[in-house]
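Architecture and fold: a report
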Amino acid sequence: MTAELTAQQVLREWLLTVLGEGGGSVPTARALTEMERRYGKLLSEEDQSLTMRGDESKWWNRTRFERKNMERAKLLVPASESRGVWTLTEAGWGEYRKIERAEELEVASPVPSQPVGQESPSRAEVVTQRVIRSTAVADYIKRIHSHICQICGTRLITPIGAYAEAAHIRALGHPHSGPDVAANVLCLCPNHHVLFDFGALIISDTLIVTDQCSGVSLGQLREAPGHEIGREYLAYHRSRHGRVSHAH
Ligand SMILES: [Zn+2]
C-alpha cells in the first residue's frame, strides 16, 4: 500500500472502462460499486481515506471531480441532461475503445502455466453483450500461440510487441453464456476474429476451417501444445452459424 493518490488520468480511464463495459450508461451508485469491485485492490490507503468533509472517500470524490472534467471535455453527457446516470457521448465511446484496444495489446513473453479461468464470467447487469473478460485466459492463449493467427498464420508486429486477439468460440454474453476458459478461446488475427464472430467462418470437429460465404476451405486450424480446443464449443458455434451448404 502506498500513500499516493491515484492520478486523475487513471481514475478517468477506470471510469471510461466501467461505463463502456456497462453499455455506455451507468447509474451513479453502480459506477461507484463497479469501480470498487474492479479497481478496489489498486486503491491506496490515501485513496480510501475520507475527505475533509468526511462524507466520502477521497478516490470517489476525485472520481466525481473527474466526471465533471470529462463532461467539459464532452466525453460524458451533461449531468443536467442525464440525471443520476453517467452516460458516454460518441467521443467518450471513442476514448473507451482506445483503452480497450490498448489492453489487448501486449508484448509477447514466455509461456505461462494454464490459468483456471472462469466457468461463468461476471456480467454487467445492463442490456449489453459486453462481458468483463478474464485477461489471464486471453493472455495465455495468445502467448502459447506466439500471437500467430490459428487460421492464417499471420503474426502482427506493432511498435509495442506482437498483436493478436483472443476469440471466444461460444460467446460469453447473453444468450450464449460460454465459459471464459482456454478450450473456448482461439488466437486469431483481427480479420479472422471478425469473420469467425459473424459466422463467415466455421470450424469442423477435425479443425477444418471453411469460409461459408465462398465455400472455400481455408485448411486446418493451427494447434499448439497445451491448448486443447473444446469440440462442444465448435459445435455450438456451428449450430448458431452453420448453413446448409448453398452454392454461391
Ligand atoms: Zn488470420
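Heads up: the structure comes first, above all this text.
All residue numbers refer to position in the chain's written sequence, counted from 1. In keeping with the predicted nature of the model, local features appear solely for residues at pLDDT of at least 70, side-chain atom pairs appear and are counted solely at 80 or more, and the whole-chain, interface and lining totals rest on all residues. Heavy atoms from the whole structure form the basis of all side-chain values; hydrogens and water molecules are not counted.

1. A few points about the overall build of the protein chain
Selection criterion: Each helix is a run of H or I in the DSSP string that is no shorter than four residues. Each strand is a run of E no shorter than two, and both are numbered from the N terminus. Contacts are residue-level and defined by heavy atoms, with any inter-residue pair within 4.5 Å sufficient. Surface accessibility in these figures is a Shrake-Rupley result with a 1.4 Å probe; residues are shielded only by whichever protein chains are displayed.
Along the protein chain, the regular secondary structure elements total eight helices and nine strands. For the protein chain, contacts bridging at least 24 residues in sequence account for 64% of all contacts bridging at least 6. For the protein chain, the exposed surface amounts to about 13200 Å²; the carbon and sulfur share of it is 55%.

2. A short note on helix 7 (residues 190–197)
How we decide: Type-normalised accessible area, obtained with a 1.4 Å probe on protein chains alone, sets the label of each residue: buried when under 20%, exposed when over 50%, and partly exposed for intermediate values. The directions from the helix axis to the C-beta atoms are what the arc is built from.
All of the buried residues in helix 7 are Pro-190, His-192, His-193 and Phe-196. The buried residues of helix 7 all sit within an arc of 165° when viewed along its axis, so they share a single face. Once helix 7 ends, the next one or two residues include Gly-199, with phi positive near 80°.

3. Quick look at the coordination of the zinc ion
Defined as follows: In this analysis a donor is any N, O or S atom within 2.8 Å of a metal ion (3.2 Å for sodium, potassium and calcium), and since water is not included, sites may seem incomplete. Angle rules define the geometry names used: all angles between 85 and 135 degrees makes four donors tetrahedral, while opposite donors over 155 degrees apart and all other angles between 65 and 115 make four donors square planar and six octahedral, leaving every other case irregular.
Within the first shell, the zinc ion binds the protein through Cys-149 (SG), Cys-152 (SG), Cys-189 (SG) and His-192 (ND1), at distances of 2.1 to 2.3 Å. Bound by four donor atoms, the zinc ion shows angles of 100 to 117° at the metal and therefore tetrahedral coordination geometry. Going along the chain, you hit the donors of the zinc ion in the pattern C-x2-C-x36-C-x2-H. Note that Cys-152 is positioned in the loop between helix 6 (135–144) and strand 3 (156–158) and His-192 in helix 7, a separation of 40 residues in sequence. Residue classification places His-192 among the buried residues on the basis of a relative accessible area of 13%.

4. Regarding the packing of helix 1 (residues 8–21) against helix 4 (residues 58–72)
Basically, it comes down to this: Helix axes are fitted to C-alpha atoms over the stretch in contact, other axes to C-alpha atoms as well, and angles between N-to-C directions run from 0 to 180 degrees. When an angle is under 35 degrees it counts as roughly parallel; over 145 it counts as roughly antiparallel; between 65 and 115 it counts as roughly perpendicular; any other value is oblique. By the convention adopted, Pro, Cys, Tyr, Trp, Phe, Met, Ile, Leu, Val and Ala count as nonpolar, Lys, Arg, Asp and Glu as charged, and the other residues, Gly among them, as polar.
Two numbers describe how helix 1 lies on helix 4: the axes approach to 9 Å, and their chain directions differ by 80°. It follows from the interaxial angle that helix 1 and helix 4 lie roughly perpendicular. Here Gln-8, Leu-11, Arg-12, Leu-15 and Leu-16 of helix 1 come into contact with helix 4, specifically with Trp-59, Arg-62, Thr-63, Phe-65, Glu-66, Arg-67, Asn-69 and Met-70. The residue makeup of the contact of helix 1 with helix 4, split by class, is six nonpolar, three polar and four charged.

5. Quick notes on the nonpolar core
What counts, and what does not: In this text, buried Ala, Val, Leu, Ile, Met, Phe, Trp, Tyr and Cys residues form a nonpolar core when linked through side-chain atoms within 4.5 Å.
Core analysis: the largest hydrophobic core is formed by 21 residues, its most contacted members being Trp-14, Leu-15, Leu-19, Met-35, Met-70, Trp-86 and Leu-88. Of all the secondary-structure elements, those providing two or more residues to this core are helix 1, helix 2 (28–39), helix 4 and helix 5 (90–104). At six residues, helix 1 tops the list of elements feeding residues into this core. Excluding residues that lie within four positions of it along the chain, Trp-86 makes contacts with Leu-15, Leu-19, Gly-24, Ser-25, Val-26, Thr-28, Ala-31, Trp-60, Thr-63, Arg-64 and Arg-67.

6. Observations concerning the packing of helix 2 against helix 4
The test is simple: For any helix crossing, the convention is left-handed if the near helix is rotated counterclockwise from the far helix by under a right angle, and right-handed if that rotation is clockwise.
Axis separation between helix 2 and helix 4 bottoms out at 12 Å; the angle between their running directions is 125°. Judged by the inter-axis angle, helix 2 sits oblique to helix 4. Considering the relative orientation of helix 2 and helix 4, their crossing is right-handed. Each of Thr-28, Ala-31, Leu-32, Met-35 and Glu-36 in helix 2 lies in contact with helix 4, whose residues at this interface are Trp-59, Trp-60 and Thr-63. Broken down by class, the residue content of the contact of helix 2 with helix 4 amounts to five nonpolar, two polar and one charged.

7. Focus on the packing of aromatic side chains
Aromatic ring pairs are described here by two measures, namely the spacing of the ring centres and the angle between the planes. Basically, it comes down to this: Any pair of Phe, Tyr and Trp rings, taking the six-membered ring for Trp, is counted once the centres come within 6.5 Å. Such a pair is stacked with planes under 30 degrees apart, edge-to-face with planes over 60 apart, and tilted for the rest.
Across all of its chains, the model carries four aromatic pairs by this definition. With a centroid separation of 5.6 Å and an interplanar angle of 75°, the aromatic rings of Trp-93 and Tyr-96 are classed as edge-to-face. Of the two residues, Trp-93 and Tyr-96 are both situated in helix 5; the distance of three residues between them amounts to about one turn of the helix. As far as burial versus exposure is concerned, Trp-93 and Tyr-96 are alike and both buried. Put simply, the rings of Trp-59, Trp-60 and Trp-86 touch in pairs and so form one group of aromatic residues.

8. Topic: the sheet that holds strand 7 (residues 201–203)
Note the threshold: The rule for pairing is simple: two strands pair if DSSP sees at least two bridges between them.
Taken in spatial order, the three strands line up as 7-8-9 in an open sheet, and their pairing is antiparallel. Across the chains shown, the open sheet's two edge strands, defined by having one partner strand only, are strand 7 and strand 9 (217–220). In this sheet, neighbouring strand axes are inclined to one another by 15° on average, regardless of whether the strands run parallel or antiparallel. Pairing between strand 8 (residues 208–211) and strand 9: three bridges, direction antiparallel. In the sheet register, Thr-210 faces strand 9, and the bridge partner there is Ser-217.

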